[in-house]
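# Observations on the model geometry
The chain contents come next:
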Amino acid sequence: MRKKILITIFLFIIIGISAYLYIYKGHRNIESETADYVVTVSELEREFTSNDSLAYIKYQDKTIELSARVTSIDKASNGIVMSEKVFVTFKNRLPQNIISGKTLKIKGRFLGYDELLQEFKIDQSSVVH
């Protein structure tokens, strides 16, 4: 009887630890990840226009690489707007060498499409050289 109680307790401990590790996964390092997709703004627009449900499934929480022109810089939110349609926030502080009007290649986590502002959202971004 005592053996069965010890085995049951041991199983509960193993299940509890496994559940905890599954729920509280470690933080991702987007900068070191390889991009799942290399896309352009027009490709994103086309996919979200044709079938936004499939596009969300494809891109949501994925690492993407995007090259576009910087249209505005928002130092207060540590972000930039690219091609007037993509709002990008950086993981650390805003890189100093970003100039409005210049084409820039970034890598970040795709968050989704904001229908109200009509722009795509990317966070944890870094500049790709």
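Look above for the structure.
These remarks concern the structure in this document. These figures come from a predicted structure and were not determined experimentally.

Bringing the pattern of salt bridges into the picture now. The tally for this structure, following the rule as stated, stands at 7 salt bridges. A salt bridge links Asp61 to Arg109; the shortest N-O distance between them is 3.3 Å. You can see Asp61 sitting in the loop between α3 (52-59) and β2 (63-74) and its partner Arg109 sitting in strand β5 (residues 103-114), a full 48 residues away along the chain. A salt bridge links Asp114 to Lys121; its shortest N-O distance comes to 3.9 Å. Through salt bridges with shared partners, a single network forms among Asp61, Arg109 and Asp123.

Turning our attention to the pairing of strand β6 (residues 119-127). Each regular strand carries side chains that alternate between the two faces of the sheet. Among the 9 residues that make up β6, 8 are buried, leaving the element largely enclosed by the rest of the structure. Here strand β4 (residues 86-90) runs beside β6; their pairing, made up of 4 bridges, is parallel. Bridged to Val86 within β6 is Phe120. What sits between the antiparallel neighbours β5 and β6 is a turn of 4 residues, in which Gln118 has the positive phi angle 55°.

The rules we used
Residues numbered from 1 in each chain as written. Predicted model: local features only at pLDDT ≥ 70, side-chain atom pairs only at ≥ 80, totals over all residues. Heavy atoms only, no water. Salt bridge = Lys/Arg side-chain N within 4 Å of Asp/Glu carboxyl O. Helix = DSSP H or I, 4+ residues; strand = E, 2+ residues; numbered from the N terminus. Buried < 20%, exposed > 50% of the residue type's maximum accessible area, 1.4 Å probe, protein only. Pairing = 2+ DSSP bridges.

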